[in-house]
Amino acid sequence: MRSMQIVPVPIREVLALVTVLLLAFYVGQDVSLGNYVKVSLLAIAVMVALVFWNPRLGLYAFFFTAIYLPFHWRVSKLSPSSMMIGGSLFALAAWLALRPHELRLSRILIPAGMAALVAWLNAMRYGPVYGCAVCGFNTPYILSEALVLFFLTYHLIRERRQMWWCLLVFGVALVGRNVIDIVLTIFSFRAGSVLGAIRQEELWLDSAATTESAWRSMLLPLLLVIPAMLRDRIVRSVFVLGLLSSVIWLALSATRTGIVGLVLGAAFLLTVLPARERARLLPILSVLGLIVVFGAAVYSETWAHVLWKTRQDLEVGIETGRLAYWLSAWEAFAKNPLWGSSVGTSHSYFLGTGRYMGLAFLIPFFVAMWVIWRHGAWLRRQPLDRLSWAVVVGMQGGLLAAVVLNFLGTTFQGAVPAFFFWILVGIQEAIYMDVKRGRFAIVKPEAEYGGTEGREASARASA
């Protein structure tokens, strides 16, 4: 059995990626200072040219622009993240126009696209109020951009090294952001803050603590399974750091989403893992559990704050607070289950979209989730290499966590959680199409198989 070969570093792409990030930073800096003309146009032209040269650079750079650059850093109405998505989509469209036979349509796009269409129709139905603070988000924009990212991802990842690079760049971006946030939080504790910079939302990037907790919780199964199952030293090392820093981040977050997400991520990964791999993961979970206990109950007041907030919600019952919002959303949904009846605060993505749009949105959205699950379940029965198998299993655990988090909270109301989720779905779909069509450009059947199901499938195929 062979472990995965380490991919040689493409110096040209690395330099181009660094250039994209530096230019994105300076564009955002100029815009935030009001210097709209100084170097912005030149910087945008260079960035777009780089993305046109290699649209995968836009996908890689998106991991950084999404979680490092504030959304209010814009040129006209375009954020750096929007430029990365738009440039990559235009370059891919031009490439597909020259090679129409390379266009691949996923079954997931049909129900997910129907859900997006319903969301846009309701944007016209409700008017400007649809994106107001009462709703907390604008569903059609976020879902549509997320589906564009999904389309881009499964088209751009066509070979194994491209998946390897996508995961590596994501891991590096995550580690850097986590370390910055944790350091700022530690300094805030030393300065006398009770809850810390994460919960007080005093980080350098202006974002909600619950939203930040949500996407880290959703990605936790992937962060757990890759270090446990992979032997590639580069990716494994990066994901070990990503796992440790994410667990510490969530332990210090003082959010219920963070604490619940830690439990859900580990529990759902154990659910989808075969028995042999589950036993290998338990010692890792034990160590991480000690880190969480120390960070949440000893070093910080996360645990005390979470208990206090939960007790407060239970005491007020259905009169005010989260339970009241859930009940109000359910009652509004019950008035018109098919189309929804009103806009309002819901504190639940599924109850909220049910309230606004009814089953017309929820049914196609859940069908899309079911197709994603079925594709992953089918892949788990195939003879996959360790990296592909780890991605599929991590995605399945993350999908289960995402469903629960969106019932209990508003995970997909945040752009970053929705975007990262659909990028991971795109990676899984690229693997699915690779195996289904017998290309095996991403999956390497001759490599070491990841799980018991994969090895059994391999043995059956050999027989």
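The structure displayed is predicted, hence computed values, not measured ones.

## A closer look at the nonpolar core
Formed by 122 residues in total, the largest nonpolar core has its most connected members in Phe 361, Phe 420, Phe 421, Trp 422, Ile 427 and Ile 431. Take this core: its biggest share by element is 16 residues, from helix α17 (residues 415-436). In this structure Trp 422 touches Ile 108, Ala 112, Leu 143, Ala 146, Leu 147, Phe 150, Met 369 and Ile 372, once residues within four positions along its chain are discounted.

## Examining the pattern of salt bridges
Under the definition given, this model contains 8 salt bridges. Among the salt bridges present, the one from Glu 102 reaches Arg 158, with a minimum N-O distance of 2.4 Å. Of this pair, Glu 102 sits in the loop between α4 (80-98) and α5 (109-126) while Arg 158 sits in the loop between α6 (139-156) and α7 (160-190), and the two are 56 residues apart along the sequence. Both residues of the pair, Glu 102 and Arg 158, count as buried. Close ionic contact of Arg 177 with Glu 212 constitutes a salt bridge, the shortest N to O distance being 3.0 Å. Remark: Glu 212 occurs in helix α8 (residues 209-229) and Arg 177 occurs in helix α7; sequence separation between them is 35 residues. As far as the burial class goes, Arg 177 and Glu 212 line up, both buried. Salt bridges linked by common partners bring Arg 177, Asp 181, Glu 212 and Arg 216 together as one network.

## Remarks on the environment of Asp 232
Relative to the assigned elements, Asp 232 resides in the loop between α8 and α9 (233-252). Judged by relative accessible area, Asp 232 falls into the buried class, the value being 2%. The spatial distance from the C-alpha of Asp 232 to the C-alpha of Leu 387 is 8.8 Å, given a sequence separation of 155 residues.

## Describing the confidence of the model for the protein chain
On average, residues of the protein chain score 83 in pLDDT, and 81% of them reach the 70 mark or higher. Segment residues 1-7 is flagged for pLDDT under 50; beyond a separation of four residues in sequence, or across chains, it makes 15 contacts in the model. Scored below 50 in pLDDT, residues 131-136 makes 10 contacts in the model with residues more than four places away or belonging to other chains.

## Some points on unusual backbone geometry
The phi angle at Ala 254 is positive, at roughly 60 degrees, despite the residue not being glycine. Structurally, Ala 254 is set in the loop between α9 and α10 (256-272). The backbone of His 347 sits at a positive phi, close to 55 degrees, despite the residue not being glycine. Along the chain, His 347 falls in the loop between α13 (321-335) and α14 (349-357).

## A look at a nonpolar patch on the surface
A grouping of Leu 338, Trp 339, Leu 359, Ile 363 and Val 367 is seen on the molecular surface, where their side chains present a nonpolar patch of about 460 Å² in accessible area. Along the chain, Leu 338 turns up in the loop between α13 and α14. Judged by its relative accessible area of 47%, Leu 338 is partly exposed.

## Examining the packing of α7 against α9
In the contact formed by α7 and α9, the axes pass within 8 Å of each other and the chain directions differ by 35 degrees. Crossing of α7 over α9 shows left-handed handedness. The residue makeup of the contact of α7 with α9, split by class, is 17 nonpolar, 6 polar and 1 charged.

## Details of the environment of Leu 323
Considering the arrangement of structural elements, one finds Leu 323 in helix α13. On the basis of relative accessibility, which here comes to 29%, the residue Leu 323 falls in the partly exposed class. Here the alpha-carbon distance between Leu 323 and Ser 346, two residues 23 residues apart in the chain, equals 9.3 Å.

## As for α7
Here α7 contains 31 residues, and its C-alpha end-to-end distance of 45 Å stays within 8% of the 45 Å for a straight helix at 1.5 Å per residue. Downstream of α7 by a residue or two, Gly 192 has a phi angle that is positive, lying close to 110 degrees.

## Regarding the packing of aromatic side chains
The description of an aromatic ring pair rests on the distance of the ring centres and on the angle between the ring planes. What the rule picks out here adds up to 27 aromatic pairs. For the ring pair Phe 170 and Phe 420, a centre distance of 5.8 Å and an interplane angle of 85 degrees mean the geometry is edge-to-face. Taken as a pair, Phe 170 in helix α7 and Phe 420 in helix α17 lie far apart in primary sequence, 250 residues in all. Both residues of the pair, Phe 170 and Phe 420, count as buried. Geometrically, the ring pair formed by Tyr 349 and Phe 412 is edge-to-face, given 5.7 Å between the ring centres and 85 degrees between the ring planes. Here Phe 412 lies in the loop between α16 (386-408) and α17 and Tyr 349 lies in helix α14, a separation of 63 residues in the sequence. Across the pair, exposure class does not vary: Tyr 349 and Phe 412 are buried alike. The rings of Phe 150, Phe 151, Tyr 154, Tyr 349, Phe 350, Phe 361, Phe 365, Phe 366, Phe 407, Phe 412, Phe 421 and Trp 422 are connected pair by pair, giving a single aromatic cluster. We note Arg 216 situated over the ring of Trp 249; from NZ or CZ to the ring centre the distance is 3.9 Å.

## Here we look at α8
Over its 21 residues, α8 runs 31 Å from end to end, which matches the ideal 30 Å to within 8%, given 1.5 Å per residue. Counted residue by residue, α8 has 19 buried out of 21 residues, so it is predominantly covered.

## Regarding the side chain of Thr 255
On the secondary structure map, Thr 255 appears in the loop between α9 and α10. Taking the relative accessible area as the measure of exposure, Thr 255 reaches 1% and is therefore buried. Among the polar contacts made by the side chain of Thr 255, one reaches the side chain of Ser 253 at a distance of 3.0 Å. In this structure the side chain of Thr 255 is engaged in a polar contact, spanning 3.0 Å, whose partner is the backbone nitrogen of Gly 258. What Thr 255 contacts, discounting residues up to four positions off in sequence, is Arg 199, Ala 209, Thr 210, Ser 213 and Val 306.

## Focus: the environment of Tyr 299
By the secondary structure assignment, Tyr 299 is in helix α11 (residues 275-299). Take Tyr 299: its relative accessible area is 37%, and that puts it in the partly exposed class. Taking the C-alpha atoms as reference, Tyr 299 lies 8.4 Å from Leu 252; in sequence the two are 47 residues apart. Not counting the four nearest positions on each side in its chain, Tyr 299 is found in contact with Ile 186, Phe 189, Leu 252 and Phe 294.

Rules and cut-offs
- Residues numbered from 1 in each chain as written.
- Predicted model: local features only at pLDDT ≥ 70, side-chain atom pairs only at ≥ 80, totals over all residues.
- Heavy atoms only, no water.
- Core = buried A, V, L, I, M, F, W, Y, C linked by side-chain atoms within 4.5 Å.
- Buried < 20%, exposed > 50% of the residue type's maximum accessible area, 1.4 Å probe, protein only.
- Helix = DSSP H or I, 4+ residues; strand = E, 2+ residues; numbered from the N terminus.
- Contact = heavy atoms within 4.5 Å.
- Salt bridge = Lys/Arg side-chain N within 4 Å of Asp/Glu carboxyl O.
- pLDDT = per-residue confidence, 0-100.
- Patch = residues over 30% accessible without salt bridge, like charges linked within 9 Å, V, L, I, M, F, W, Y side chains within 5 Å.
- Areas by Shrake-Rupley, 256 points an atom, 1.4 Å probe, with all protein chains shown as cover.
- Axes fitted to C-alpha atoms, helices over the stretch in contact; angles between N-to-C directions.
- Left-handed = near helix turned anticlockwise from the far one by under 90°.
- Nonpolar A, V, L, I, M, F, W, Y, C, P; charged D, E, K, R; others polar.
- Expected span 1.5 Å × (residues − 1).
- Phe/Tyr/Trp six-rings, centres within 6.5 Å; stacked < 30°, edge-to-face > 60°.
- Lys NZ or Arg CZ within 6 Å of the ring centre and 35° of its normal.
- Polar contact = N/O pair within 3.5 Å; in protein donor to acceptor, adjacent residues only side chain to side chain.

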